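# Topology and contacts: notes
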Amino acid sequence: RGSIADWIRFEPVNKYLIVNENNPGIINVIVEPPTDARVDTYDATILITTGSLGDINSSMGTNIIVAFEVKVIVDITDTQILSCAAGGMTLNTIELGERSTLQANIRNTGNVQVRPTFEIKIFSQMQETLVKEYTYTHNTNVIPTKTNNIQGTFDLNLETGQYWAEILEPVCGSRTLVTFN
């Protein structure tokens with residue numbers, strides 16, 4: 001219900017979701033305003049109800065249905081907010097001739113899509129010599145309010161040994177130093 005009810009959709013799209021203490025359920029509420037929506041604050045209410053709780057096993061009894069409302073408030077602004085966080089950035093240990101794998105989590109807290117780019121500097125074991133620089137740009141965007149697990153593979157062609165990697169994700173301003181063989 002509300003002025004933006006047609007903007008709201010759910011994932012998964014099933015009408016029913018079976019949830020209990022052993023089977024928690026997650027429903028993503030996705031708000032998709034039209035491109036011509038005017039700058040303003042909009043609201044809607046989502047009504048969530050359960051099925052019957054309990055059984056009537058005799059000629060007398062009660063059956064309960066629980067319901068609750070979730071208020072959704074959407075602010076349409078004319079300002080793009082680029083805000084994100086990168087974490088869990090690692091490079092796997094590789095064998096000679098194998099491709100290296102970068103893993104990271106990107107959480108988009110802004111209101112525009114983020115295309116993660118990682119700047120990787122590989123240093124020698126003693127961190128005295130820059131051995132190689134590599135830039136990896138992921139092939140998909142992270143949409144607002146989502147967290148994506150990013151994984152990318154590439155060839156580093158390094159000699160056998162221990163190395164350090166400084167991994168920088170400049171859009172999110174995140175940096176880490178990891179070691180790998």
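Being a predicted model, the structure only gives us computed values, none of them experimental. (Residues numbered from 1 in each chain as written. Predicted model: local features only at pLDDT ≥ 70, side-chain atom pairs only at ≥ 80, totals over all residues. Heavy atoms only, no water.)

With that out of the way, let us pick up the sheet that holds strand S6 (residues 100-108). Where strands meet in a sheet, backbone hydrogen bonds hold them as pairs that are either parallel or antiparallel. If you walk across this open sheet you meet the 3 strands as S5-S6-S9, and the pairing is antiparallel. In this open sheet, the two strands that pair with only one neighbour each are strand S5 (84-91) and strand S9 (147-154). Averaged over neighbouring strand pairs, the angle between their axes works out to 20 degrees when direction is ignored. Here S6 pairs with S9 via 8 bridges, running antiparallel. What sits directly across from Ser100, in S9, is Phe154. (Pairing = 2+ DSSP bridges. Helix = DSSP H or I, 4+ residues; strand = E, 2+ residues; numbered from the N terminus. Axes fitted to C-alpha atoms, helices over the stretch in contact; angles between N-to-C directions.)

So, on to the packing of aromatic side chains. Summed over the entire model, instances satisfying the criterion amount to 5 aromatic pairs. Ring plane angle 35 degrees and centroid distance 6.0 Å describe the contact between Tyr136 and Phe154, whose orientation is recorded as tilted. Of this pair, Tyr136 sits in strand S8 (residues 130-137) while Phe154 sits in strand S9; the two residues are 18 residues apart in sequence, bridging distant segments of the chain. Residue class for Tyr136 comes out buried when judged on its relative accessible area of 13%. With relative accessibility at 0%, the residue Phe154 sits in the buried group. Taken together, Phe118, Tyr134, Tyr136 and Phe154 form an aromatic cluster joined through their ring pairs. (Phe/Tyr/Trp six-rings, centres within 6.5 Å; stacked < 30°, edge-to-face > 60°. Buried < 20%, exposed > 50% of the residue type's maximum accessible area, 1.4 Å probe, protein only.)

Of all hydrophobic cores here, the largest spans 23 residues; its most connected members are Leu91, Phe118, Ile120, Ile122 and Ile167. Secondary structure elements with two or more residues in this core: S5, S6, strand S7 (117-123), S9, strand S10 (163-169) and strand S11 (174-180). The greatest single-element share of this core, amounting to 4 residues, is contributed by S5. Sequence-distant contacts of Ile167, defined by excluding residues within four places in its chain, comprise Met89, Thr90, Leu91, Leu102, Phe118, Glu119, Ile120, Ser174, Arg175, Thr176 and Val178. Counting residues in each nonpolar core, the second largest holds 9 residues, with Ile4, Tyr42, Ile46 and Ile76 among its members. (Core = buried A, V, L, I, M, F, W, Y, C linked by side-chain atoms within 4.5 Å. Contact = heavy atoms within 4.5 Å.)

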